[in-house]
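Analysis of the macromolecular model
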Amino acid sequence: MLVTLEGIDGSGKTTVWEALRDARGDGYTFTREPTDSWYGEAVRRSEAERDADPLAELFLFTADHADHLSRVVRPALDRGDVVVSDRYSDSRYAYQGVALDGLVPRPMEYVRGVHQPWTRPPDVTLYFDVDPETGAARSGATNKFEQAEFLGRVRENFEQLVEYEPERFVRIDAAQPPEDVLEDAEDVLDRVLADE
Ligand code: TYD
């Protein structure tokens, strides 16, 4: 089973992912995108670059995803592990869907189309929903993806993705205090694993 955590910057999903990782042991693989491979490092270099070409950046993120799938995600799933990824393909659809605006027609659909033939879609996605002002304030807006206006548009793309596949997403109110967000995430994870 592949579970992904998604949401705008400052939604608190990384805190939840770390708490889950510390609480759960055998049978789980905790992982994230961007990864810590050299592909992931290339992505982080690009992120720090205000004038990075958005198409080049899409393909760096996508290269990192391809390597993540073959090196980490598929082997873990083959072992029977529950894989929990902090960000995954929906981050590309939502973020690069905004970043590529004006460069390709229907950017989010374009990015989904690039992934569709070869990616492994998540079974369940926990969507940490928070308003963009809170997200930008919490994340400290240190990189170009973290500004409130940009995050507002990313959030609209996440909402569109939820609309496309309502059965895959579970919304978590990430405006709550961190301990309540974590409790909700624990409950959702336990419920989906019990249903399996
Ligand atoms: P993240 O690891 O969540 O942030 P941090 O470096 O603060 O731990 O992700 C880094 C940034 O990259 C974040 O602003 C979201 C963005 N991002 C994309 O634009 N596309 C993607 O495909 C992914 C995985 C992340």
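Refer to the preceding data block for the structure.
Here's a quick rundown of the structure. A quick note: this is a predicted structure, and the numbers were derived from the prediction, not measured. (Residues numbered from 1 in each chain as written. Predicted model: local features only at pLDDT ≥ 70, side-chain atom pairs only at ≥ 80, totals over all residues. Heavy atoms only, no water.)

**A few points about helix H2 (residues 38-47)**
To be explicit about the condition: Throughout this description, buried means an accessible area under 20% of the type-specific maximum (1.4 Å probe, protein chains only), exposed means over 50%, and partly exposed covers the range between. Runs of E in the DSSP output that reach at least two residues are strands. Runs of H or I that reach at least four are helices, and both are numbered from the N terminus. To obtain the arc, one takes the directions from the helix axis to the C-beta atoms. A contact between two residues is defined here by any heavy atoms of the two lying within 4.5 Å. A 3.5 Å cut-off defines polar contacts: any pair of N or O atoms within that distance qualifies, except that in protein one atom must be a possible hydrogen donor and the other a possible acceptor, and neighbouring residues in sequence count only when both atoms are side-chain atoms.
All of the buried residues along H2 are Gly40, Val43, Ser46 and Glu47. For H2, the angular spread of the buried residues around the axis is 115°, confining them to a single face. Away from its buried face by more than 90 degrees, H2 exposes Trp38, Glu41 and Arg45. Where H2 is buried, its residues meet helix H3 (54-79). With a side-chain oxygen lying 3.1 Å from the backbone nitrogen of tyrosine 39, the N-terminal cap of H2 falls on serine 37.

**A few points about the site of the ligand**
Quick reminder of the rule: Nearness here has a simple test: a residue counts as near a molecule or strand if at least one of its heavy atoms is within 4 Å of that partner. Only the protein chains shown count as cover for residues, with accessible areas throughout obtained via the Shrake-Rupley method and a probe of 1.4 Å. By the convention adopted, Pro, Cys, Tyr, Trp, Phe, Met, Ile, Leu, Val and Ala count as nonpolar, Lys, Arg, Asp and Glu as charged, and the other residues, Gly among them, as polar.
The environment of the ligand is formed by 15 residues, the closest being Asp9, Arg32, Arg87, Arg92 and Gln96. Aspartate 9 is positioned such that a nitrogen or oxygen atom in its side chain is 2.9 Å from an oxygen atom of the ligand. Interatomic distance of 3.5 Å between a side-chain N/O atom of glutamate 47 and an oxygen atom of the ligand. Notes on the ligand: free accessible area 550 Å², of which the protein chains cover 86%. Those elements that provide at least two residues to the shell around the ligand are H2 and helix H4 (89-99). Examining the composition of the shell around the ligand, we find that four residues originate from one element, H4, more than from any other. For the shell around the ligand, the per-class residue count stands at four nonpolar, three polar and eight charged.

**Concerning the environment of phenylalanine 150**
Tracing the backbone shows phenylalanine 150 in helix H7 (residues 148-164). Considered as a pair, phenylalanine 150 and methionine 108 are 42 residues apart in the sequence and their alpha carbons are 15 Å apart. Residues in contact with phenylalanine 150, not counting those within four places in the same chain, are Tyr95, Val98, Ala99, Lys144 and Phe145.

**As for the packing of aromatic side chains**
Aromatic ring pairs are described here by two measures, namely the spacing of the ring centres and the angle between the planes. Keep this limit in mind: Centre distance within 6.5 Å is the pairing criterion for rings of Phe, Tyr and Trp, where only the six-membered ring of Trp is used; planes under 30 degrees apart are then read as stacked, over 60 as edge-to-face, and the remainder as tilted. Our definition puts a charge over a ring when NZ of Lys or CZ of Arg is within 6 Å of the ring centre and also within 35 degrees of the ring normal.
Taken as a whole and assessed by the stated rule, the structure comprises six aromatic pairs. With a centroid separation of 6.2 Å and 45° between ring planes, the pair formed by tyrosine 95 and phenylalanine 150 is classed as tilted. Residue tyrosine 95 is found in helix H4, and its partner phenylalanine 150 is found in helix H7; the two are separated by 55 residues along the sequence. Per residue, the accessibility class of tyrosine 95 equals that of phenylalanine 150, and both read buried. Tyrosine 95 sits in the buried class, given a relative accessible area of 5%. The positively charged end of arginine 32 is found above the aromatic ring belonging to tryptophan 17, 5.8 Å away from the centroid.

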